[in-house]
Amino acid sequence: MRNNQKPRRRLRWLSTLVIVLVVLALIVFVGLAIANRLAANYLDDMIQEALADPGMPDIRYDSLRVDAAGGLVELTNPSIPIDEFSSIRAAKASISIPPTELIAYATGSRTDIRHADLDVTEFSLSDRNQKFESVHLKVKLEGSIDMNDIESAVVHNAEVSGTGLSLSDGDSGIAFLMESLDATVDGRLSLADLEVNPLNAVRALTLSARNGKLDIDVAIDSPIIAMIAATPFLLKDEHRSFEHLAVDLEHENGTLRVDSFDIAAPLIHSKGSVVIKNVENPEGLVLDVSVSSINEEVRKEFDSFFSMFGFSIPDKSFDIGVDWDGQGFPDIRIQ
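As the structure is a computational prediction, the values presented were derived from the model and not from experiment.

Cut-offs used in this document
Residues numbered from 1 in each chain as written. Predicted model: local features only at pLDDT ≥ 70, side-chain atom pairs only at ≥ 80, totals over all residues. Heavy atoms only, no water. Pairing = 2+ DSSP bridges. Helix = DSSP H or I, 4+ residues; strand = E, 2+ residues; numbered from the N terminus. Buried < 20%, exposed > 50% of the residue type's maximum accessible area, 1.4 Å probe, protein only. Core = buried A, V, L, I, M, F, W, Y, C linked by side-chain atoms within 4.5 Å. Contact = heavy atoms within 4.5 Å. Salt bridge = Lys/Arg side-chain N within 4 Å of Asp/Glu carboxyl O. pLDDT = per-residue confidence, 0-100.

Asks: Is there a simple way to explain the pairing of strand β5 (residues 92–96) in this structure?
Replies: Regular strands have side chains that alternate between both faces of the sheet. Bridging between strand β2 (residues 72–76) and β5 involves five bridges; their strand directions are antiparallel. Each residue of the ladder has a partner; that of Val73, found in β5, is Ile95. Here five bridges tie β5 to strand β6 (residues 112–127), and the two strands are oriented antiparallel to one another. By the bridge assignment, Ile95 is partnered in β6 with Leu118.

Below you can see the structure in the form of structure tokens.
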């Protein structure tokens, strides 16, 4: 008799546990739905109230979606007219913050956010005759962003990836296009530091870009177009492009160290490293470059320059080394 009761008791406890878990799950899902709706309404009211401030720009959007559980806020068709000539637009923009940080901020235990992920599609930033566009842009930030004092925000690490990028300047008649870009920046990136000396704000930078091209409008009368026009081989579209570009650099105590760079382009395939002491007022330079292939017209330009130092550029692959202590002529090696 007791043996029959034990299985029944176990089944009763098991069924009770399942019912409790189902009920809890329903409460959680219903609670999150309510939380999302309340959060969306609260954020929408907060944004509208902020926009009522005379000093705020006219921020517009079609819809606002909030995922309270995932710490996600998403806007469709946001646009911000900065002034008469400048504006920011996107088809969709979202910001994601770890829920634990949102809870810490909501409960008052912290006033800053340390991690934030931005995801933007069809992004454009225009300013008079300049325009930056990206089909898809993702940014991951780590630092300290005080929600009560945004201008004091400090970013220690930023990861950026983008596709379909373009930067155009109507005054100079040039536009730089890239299929994709991935970059990581370490340092102390704050508004104050970037305004005073952007280079000192960066401690390390890793960058990789693919399929880039420089477009020109020869009808524009500008110094850059004049310089390109004076170099006939640059007038060819394929000569203003590259397949791959990679740079890995560090900056510390005024010394800029490019540990490696790699460029693959129709004009040149080259790898190397550079060290510049006191980059703001150079006091020394160490350059090591290995060239695996080079366009004949570019080789002639290089040969003309280095002939002033008594060197000639080989017909095939070659290495160049330059050492300069900041005084006199540099020590140049070509082999």
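Asks: What should I look at first to understand the pairing of β2 in this one?
Replies: When you tally the buried positions in β2, you get four out of five residues, the bulk of the element. Direction of pairing for strand β1 (residues 63–67) relative to β2: antiparallel, over a ladder of five bridges. Bridging across to β2, Arg65 finds its partner in Glu74.

Asks: Explain unusual backbone geometry here, please?
Replies: Apart from glycine, the bulk of residues carry a negative phi angle, and the bulk of peptide bonds sit in the trans form. Despite not being glycine, Glu122 shows a phi value in the positive range, around 50°. Here Glu122 is to be found in strand β6. Phi is positive for Asn211, which is not a glycine, with a value near 50°. Mapped onto the fold, Asn211 is located in strand β10 (residues 202–216). Asn211 sits in the partly exposed class, given a relative accessible area of 37%.

Asks: I tried to follow the nonpolar core on my own but got confused; where do I start?
Replies: Counting residues in hydrophobic clusters, the biggest one holds 19 residues, and the most contacted among them are Met178 and Leu189. When residues of this core are traced back to their parent elements, those giving at least two are β6, β7 (130–146), β8 (154–169), β9 (174–190) and β10. It is β9 that contributes the most residues to this core, four residues altogether. Excluding its chain neighbours within four sequence positions, the residues that come into contact with Met178 are Gly164, Leu165, Ala209, Arg210, Asn211, Gly212 and Phe242.

Asks: Help me out: how do you make sense of the pattern of salt bridges in this one?
Replies: Once their charged atoms are close, side chains differing in charge can pair, the charge on each being opposite to the other. One pass over the structure, following the stated rule, counts eleven salt bridges. Between Arg299 and Asp315 there is a salt bridge whose closest N-O contact spans 3.8 Å. One end of the pair, Arg299, is in helix α6 (residues 296–306); the other, Asp315, is in the loop between α6 and β15 (318–324), with 16 residues separating them in the sequence. When its relative accessible area of 65% is taken as the criterion, Asp315 is described as exposed. For Arg333, the salt bridge is made with Asp323, and the minimal N-O distance between the two is 2.8 Å. Of the two residues, Arg333 is situated in strand β16 (residues 331–334) and Asp323 in strand β15; the sequence distance between them amounts to ten residues. Assessed through its relative accessible area of 35%, Arg333 is described here as partly exposed. Accessibility expressed as a relative area gives 31% for Asp323, which makes it partly exposed. In this structure, a network of salt bridges that share partners links the residues Asp288, Asp323, Asp331 and Arg333.

Asks: Before we go on, may I ask you to explain the confidence of the model for the chain in this structure?
Replies: Keep in mind that low pLDDT regions are not for reading the predicted coordinates in detail. With 81% of its residues at a pLDDT of at least 70, the chain reaches an overall mean of 81. Of all secondary-structure elements in the chain, the lowest mean pLDDT belongs to helix α1 (residues 2–51), at 59, while strand β11 (residues 241–252) reaches the highest, 93.

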